[in-house]
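# Examination of the molecular architecture
So the chains spell out like this:
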Amino acid sequence: MADYLSAAADMAKNASQALQPLHPYYPLDAAIANWTENEWSVPALLTVFFGTCAVLFTSTYFIAKRVDRTLTAGELSIIMWFVLSGGIHLFFEGYYATFYKTLAAKQTIIGQLWKEYAFSDSRYLSNNAFVLCMETVTAVCWGPGCLATAALIMLRHPLRYPIQMIVSMGQFYGVVLYYATSIFDHEVNGVTYNRPESFYYWFYFVFMNGFWFVIPGYLIWQSTVESARAVAKAQQMDSRKKAS
C-alpha cells in the first residue's frame, strides 16, 4: 500500500512538472531549445547596454569635433546616430545572426541581453525565418553602411546624401516589416510574441525600435530635399551655359 501511494505521488509530481511551461516566453508553447535563465539581473544588463551606448555616443562627438571643428550641431547629431546605429547593427545584431541557434542557452552579456529583449518578441529565440533574415541583412549591409555614412558626413563627400538615403531606407523598411509581421500574427493568426507585462511591449518593442522608424524617416526626407536641391542647381547651371 505504501509503495502504491509513493508511486501515485511520483506520478502526480511528474504530471505537474509536465504541465509547467519550459520557458517564460510567449506563446508558452513556443519551441525554444535549451533555454537557461539569465545570470545577470535586468538592471545590470540595461546599465551595461545603455552605458556602452553613452560611451560610444560621447566618444563619437569628440572624435568628430576633432576631425572637423566646422561641423554643425545637426551634422554632429547625425554622425553620432550613424556610429551608434552601426555599432548596434554590427555587434549586437551581428551576434544574433551568428549565434541564433544557441542563443537561448547563452550566458554572455550580449546573449543575456537578447534573452531579456526576447520577452518582448520571442521570435528571437525560436529560429524565426523573418527575424533571422532581417537581422542578418541589417548586420551585413546597414552596419557598415551606417559607419560609411558617418565618415562621408565628416569628409563632406558628395555621396553623403545618396548613401544616407539608401541606408536609412533599409533601416526604415526593416523596422516597418518587423512591426507589421508581429502585428499580423497577433491580429490574424492570434499569436502573441510578447509577455503580457506592458513594460516589455511598450518599452522594448515599441519605444526602443521606434528610433529606427522616426530617425531614418527624417533622414530619408532630408536626403530627398538636399538631392532635389542639388539637381535643381545643376539644372540651373546647365541652362545658363546653354543660354550663354
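Position labels on residues start from 1 in each chain and follow its written sequence. The model is predicted, so local features are restricted to residues of pLDDT at least 70 and side-chain atom pairs to those at 80 or more, both for listing and for counting; the totals for chains, interfaces and linings are taken over all residues. Hydrogens are left out, water is left out, and the side-chain values use all remaining heavy atoms of the structure.

- Looking up the protein chain in an unreviewed UniProt entry gives the name EXPERA domain-containing protein, with the organism given as Friedmanniomyces endolithicus.
- Comment text from UniProt for the protein chain, heading Sequence similarities (unreviewed entry), reads "Belongs to the EBP family."
- UniProt positions are given in the numbering used here, feature names are shortened, and annotations may be inferred rather than shown by experiment. The UniProt entry for the protein chain carries the following comment under Subcellular location (unreviewed entry): "Membrane".

### Considerations on the environment of A148
- Secondary structure elements are defined from DSSP: runs of H or I of at least 4 residues count as helices, runs of E of at least 2 residues count as strands, and each element is numbered from the N terminus. On the secondary structure map, A148 appears in helix α5 (residues 129-155).
- Sequence separation of A148 and R160 is twelve residues, and the distance between their C-alpha atoms is 8.9 Å.

### Observations regarding the UniProt feature "transmembrane region" (unreviewed entry) in the protein chain
- UniProt tags residues 44-64, 76-97, 129-154, 161-181 and 201-221 as "transmembrane region" (unreviewed entry).
- Taken end to end, residues 44-64 comprises 100% helix and 0% strand; its first and last C-alpha atoms sit 30 Å apart.
- Here residues 201-221 runs as 100% helix and 0% strand, with 28 Å between its end C-alpha atoms.

### With respect to the nonpolar core
- What makes a nonpolar core is a set of buried Ala, Val, Leu, Ile, Met, Phe, Trp, Tyr and Cys residues whose side-chain atoms join them at distances within 4.5 Å. Only protein chains enter the area calculation, which uses a 1.4 Å probe; residues under 20% of their type maximum are buried, those over 50% are exposed, and those in between are partly exposed. Residues I79, F82, W114 and Y124 are the most contacted members of the largest nonpolar core, which totals 47 residues.
- Of all the secondary structure elements, the ones that give two or more residues to this core are α2 (42-67), α3 (73-99), α4 (109-117), α5, α6 (160-187) and α7 (198-243).

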